[in-house]
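# Coordinates in review
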Amino acid sequence: AVGLCPCRLLLLRRDGALRALRGCVRGLAAGPETHFGFQTVTEAERREKIYQVFESVAKKYDVMNDSMTLGIHRVWKDIFMHKMNPSPGTLLLDVAGGTGDIAFRFINYVRAVRERQLQQKLKRQQNLSWQEISESYREDKSKSLEDSQVVVCDINKEMLKVGKQKAQNLGYSEGLSWVLGNAEELPFDDDKFDVYTIAFGIRNVTRIDLALQEAYRVLKPGGRFLCLEFSHVSNPLLSRLYDLYSFQVIPVLGEVIAGDWKSYQYLVESIRRFPPQEELKAMIEDAGFFKVDYQNLNGGIVAIHSGFKL
């Protein structure tokens, strides 16, 4: 600035300040920074990219789950359902449940519980005639879900489309509904559901804290929060083998089966950026939940977090 007149110097400083201000405004308009896998992006960009990922993989989602986990995801989801242990009459909200895996398991589980209750009831009624037993069985059998209901909520239309088609093919209709909605801003009233589940979905939520607050809001007092998600492996040897498989095999499977390397590269990277078990537990507690704990499966490859709204 040596040799410049004072007026010229003031104009340069003003222009520099205006450029800096415009940069700040652009940054605010774009939103806070976050991550998409290992990339740094704005929150708005992340939401759009994740939507595109699941729109791309929806039709091959179930096949890829079987391929990536060698079918073990089915066992994890069965364990998840047994941990929930729903009884007839339960109202469940399954968030990010697009293709219906948790919803269908819930219906099967409640039907099985109801069937056992019905058999026990008939065993206690030994004095009834065969005709009375038959009529009672048929009447109770028609109420196999006993007012149980599962609402599947997903932000992605393609995932919901796949789930609805699966439900139709598999014969699920009673006690099941599908809702398009965002985990960070659920379209439901306060204190509505007995159980809230999110399986392999919270990792893809941009603001986990908002999703947890929404989970707390829509649960009834005494309601339960359950989350099944890929987590962090503590054993060093298992961790190295898991990383090798994740980065070298899973994207290749994504390309071969779904024709989509990038989406599965993101899914692998997103697991590494996801909070470890204790950190997620603290976040759930910060949202207001009590008696929060977690159960590691397969050495921490996945974990089930549980909490209650009291």
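Treat the numbers as computed from the prediction; the structure is a model and nothing was measured. (Residues numbered from 1 in each chain as written. Predicted model: local features only at pLDDT ≥ 70, side-chain atom pairs only at ≥ 80, totals over all residues. Heavy atoms only, no water.)

## Points about the overall build of the chain
Counting secondary structure elements, the chain contains 12 helices and 9 strands. For the chain, the residues scored as buried account for 45% of the 310 residues in total. (Helix = DSSP H or I, 4+ residues; strand = E, 2+ residues; numbered from the N terminus. Buried < 20%, exposed > 50% of the residue type's maximum accessible area, 1.4 Å probe, protein only.)

## What about the side chain of Asp154?
Note that Asp154 resides in strand 4 (residues 149-154). At 2.9 Å, the side chain of Asp154 and the backbone nitrogen of Gly98 are in polar contact. (Polar contact = N/O pair within 3.5 Å; in protein donor to acceptor, adjacent residues only side chain to side chain.)

## What about the packing of helix 10 (residues 250-258) against helix 11 (residues 261-273)?
Taken N-terminus to C-terminus, the directions of helix 10 and helix 11 make an angle of 150°; their axes are 7 Å apart at the nearest point. Once helix 10 is placed against helix 11, the crossing between them reads as right-handed. Of the residues in helix 11, those in contact with Ile250, Pro251, Val252, Gly254, Glu255 and Ala258 of helix 10 are Trp261, Tyr264, Gln265 and Val268. Each residue belonging to the contact of helix 10 with helix 11 can be placed in one class, and the counts come to 7 nonpolar, 2 polar and 1 charged. (Axes fitted to C-alpha atoms, helices over the stretch in contact; angles between N-to-C directions. Left-handed = near helix turned anticlockwise from the far one by under 90°. Contact = heavy atoms within 4.5 Å. Nonpolar A, V, L, I, M, F, W, Y, C, P; charged D, E, K, R; others polar.)

## What to know about the nonpolar core
Within the largest apolar cluster, 34 residues are counted, with the highest numbers of intra-cluster contacts made by Trp76, Phe106, Val150, Leu176, Leu228, Phe230 and Val302. Looking at this core, the elements that each hand over two or more residues are helix 4 (72-84), helix 5 (101-123), strand 4, helix 7 (157-170), strand 5 (176-180), strand 6 (193-199), strand 7 (219-230) and strand 9 (302-308). Per element, the largest residue contribution to this core is 8 residues, and it comes from helix 5. Those residues within four positions of Val150 in sequence are excluded, and the remaining contacts are Leu92, Asp94, Ala103, Phe106, Ile107, Gly175, Leu176 and Ser177. (Core = buried A, V, L, I, M, F, W, Y, C linked by side-chain atoms within 4.5 Å.)

## As for helix 11
An α-helix turns once per 3.6 residues; consequently, residues spaced three or four apart project the same way. The end-to-end C-alpha distance of helix 11 is 19 Å, a good match for the 18 Å that 13 residues give at a rise of 1.5 Å each. Restricting attention to buried positions, one finds in helix 11 the residues Ser263, Tyr264, Gln265, Tyr266, Leu267, Val268, Glu269, Ser270 and Ile271. (Expected span 1.5 Å × (residues − 1).)

## Overview of the sheet that holds strand 9
Reading across from one edge, 5-4-3-6-7-9-8 is the order of the 7 strands in this open sheet, with mixed pairing throughout. Looking along the sheet, the strands with just one partner apiece sit at the ends: strand 5 and strand 8 (290-297). Averaged over all pairs of adjacent strands, the angle between their axes in this sheet comes to 15°, without regard to strand direction. Together, strand 7, strand 8 and strand 9 form the strand contacts of helix 12 (residues 277-286), whose direction differs from that of strand 8 by roughly 155°. (Pairing = 2+ DSSP bridges.)

## Side note on the pattern of salt bridges
Under the defined criterion, the tally for this structure stands at 12 salt bridges. Of the charged contacts, one joins Arg217 and Glu214 as a salt bridge, the two residues approaching to 2.8 Å between their closest N and O atoms. With a gap of 3 residues between them, Arg217 and Glu214 both fall in helix 8 (residues 208-218), about one helical turn apart. One salt-bridge network, in which partners are shared between bridges, spans Asp62, Lys77, Asp101 and Lys166. (Salt bridge = Lys/Arg side-chain N within 4 Å of Asp/Glu carboxyl O.)

## Looking at the pairing of strand 6
Of all 7 residues in strand 6, 6 are buried, a share of seventy percent or more. In this sheet, strand 7 lies alongside strand 6 in parallel orientation, the contact comprising 6 bridges. Directly across from Phe193, in strand 7, lies its bridge partner Leu219. For the crossover from strand 6 across helix 8 to strand 7, the handedness is right-handed. (Right-handed = clockwise from strand over helix to strand, strands pointing away.)

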